[in-house]
Each structure stands twice: as structure tokens, then as C-alpha cells.
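# Report on the structure
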Amino acid sequence: MAKYFIRLKRTECIGAVSCEAMAPMHWKLANDGKIDLINSKLIDKENDIWELEIEAKDLEKNIDAAKACPVFVIEIFDEKGNKII
Ligand code: SF4
């Protein structure tokens, strides 16, 4: 089954929570006013990039989350590393 990867540049999140509205199972506002990508791993400490692997069934709602982000800090890649959004 195809896998996809969400990446969040958390440091640039402004806490608008549009992503949480679109895919509440993956996004949750944290106490510091920025979003948490639930169960993600910090893959780039210097740039504060968090990554979560998702299945195809969760792709569409997270594309909607990425599109809804006003500061474009959510990216989604396929398993070959091609950027979807
Ligand atoms: S929509 Fe963008 S700015 Fe708003 S909480 Fe989500 S990641 Fe942060």
C-alpha cells in the first residue's frame, strides 16, 4: 500500500488551526500556540521539521489541511520523495 509523508515546519506555524479543522486526527494545537502533527518525528532539529508517515486513506484530508494553511508550512510527499503539495 502506498505511503505518504507529511512534513510540518513547526517554527513558522501561526496557530491558525485550519489544518486541525480539516484533519483533527492528525493535528492538535499545543500549549505554545503552535500545532502538533500527532505522532510525528522531529527529522530536522535545526529547521524544526516534523514528519509523519500516513496511508493513502488519510491523504486527501491532509492535502486539504495543507491547502488550508495560510502560511504554507505543511508539505506532503509520496514515498519516492515527489512533492504532492
Ligand atoms: S493551518 Fe498552518 S498555521 Fe494554522 S495551525 Fe495548521 S500548520 Fe499552523
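Read on for a plain summary of the structure. (Residues numbered from 1 in each chain as written. Predicted model: local features only at pLDDT ≥ 70, side-chain atom pairs only at ≥ 80, totals over all residues.)

To continue, consider the site of the ligand. Neighbouring residues of the ligand: 14 residues in total, closest Cys 13, Ala 16, Cys 19, Ile 35 and Cys 69. By residue class, the composition of the shell around the ligand is twelve nonpolar, two polar and no charged. (Near = placed C-beta within 6 Å. Nonpolar A, V, L, I, M, F, W, Y, C, P; charged D, E, K, R; others polar.)

A separate point is the pairing of strand 5 (residues 49-55). Note that strand 1 (residues 3-9) and strand 5 share seven bridges and pair antiparallel. When the sheet's bridge partners are listed, Leu 8 is paired in strand 5 with Trp 50. The pairing of strand 4 (residues 41-44) with strand 5 spans three bridges and is classified as antiparallel. Of the residues in strand 5, the one forming a bridge with Leu 42 is Trp 50. Two successive antiparallel strands, strand 4 and strand 5, enclose a turn made up of four residues, where Asp 48 displays a positive phi of approximately 55°. (Pairing = 2+ DSSP bridges. Helix = DSSP H or I, 4+ residues; strand = E, 2+ residues; numbered from the N terminus.)

Let's shift gears to the environment of Ala 30. Positionally, Ala 30 belongs in the loop between strand 2 (27-29) and strand 3 (35-37). Overall, the presence of 11 C-beta atoms within 10 Å leaves Ala 30 in the exposed class. As a C-alpha pair, Ala 30 and Glu 79 span 49 residues in sequence and 28 Å in three-dimensional space. Leaving out residues up to four positions away in the same chain, Ala 30 has contacts with Ile 35 and Asp 36. (Buried ≥ 20, exposed ≤ 12 C-beta atoms within 10 Å, placed from the backbone. Contact = placed C-beta atoms within 7 Å.)

Ranked by internal contacts, the top residues of the largest apolar core, which has 15 residues, are Cys 19, Trp 27, Leu 37, Ala 65, Cys 69 and Ile 74. Breaking this core down by element, the ones donating at least two residues are strand 1, helix 1 (18-22), strand 3 and helix 2 (59-68). If we skip the residues at most four places from it in the chain, Cys 19 touches Trp 27, Ile 35, Ala 65, Ala 68, Cys 69 and Ile 74. (Core = buried A, V, L, I, M, F, W, Y, C linked by C-beta atoms within 7 Å.)

Let's shift gears to helix 2. Within helix 2, burial applies to Asn 62, Ala 65 and Ala 66. Each buried residue of helix 2 sits inside an arc of 95° when the element is viewed along its axis, so together they form one side. Looking at the buried positions of helix 2, the neighbouring elements they touch are strand 1, helix 1, strand 2, strand 5 and strand 6 (74-78). (Arc of directions from axis to C-beta.)

Peptide bonds are, in most cases, trans, and in most cases residues other than glycine have a negative phi. Phi is positive for Val 17, close to 55°, though the residue is something other than glycine. Along the chain, the position of Val 17 falls in the loop between strand 1 and helix 1. Exposure remark for Val 17: the 17 C-beta atoms within 10 Å place this residue in the partly exposed category. The phi dihedral of Asp 48 is positive, around 55°, even though this residue is not glycine. Along the chain, Asp 48 falls in the loop between strand 4 and strand 5.

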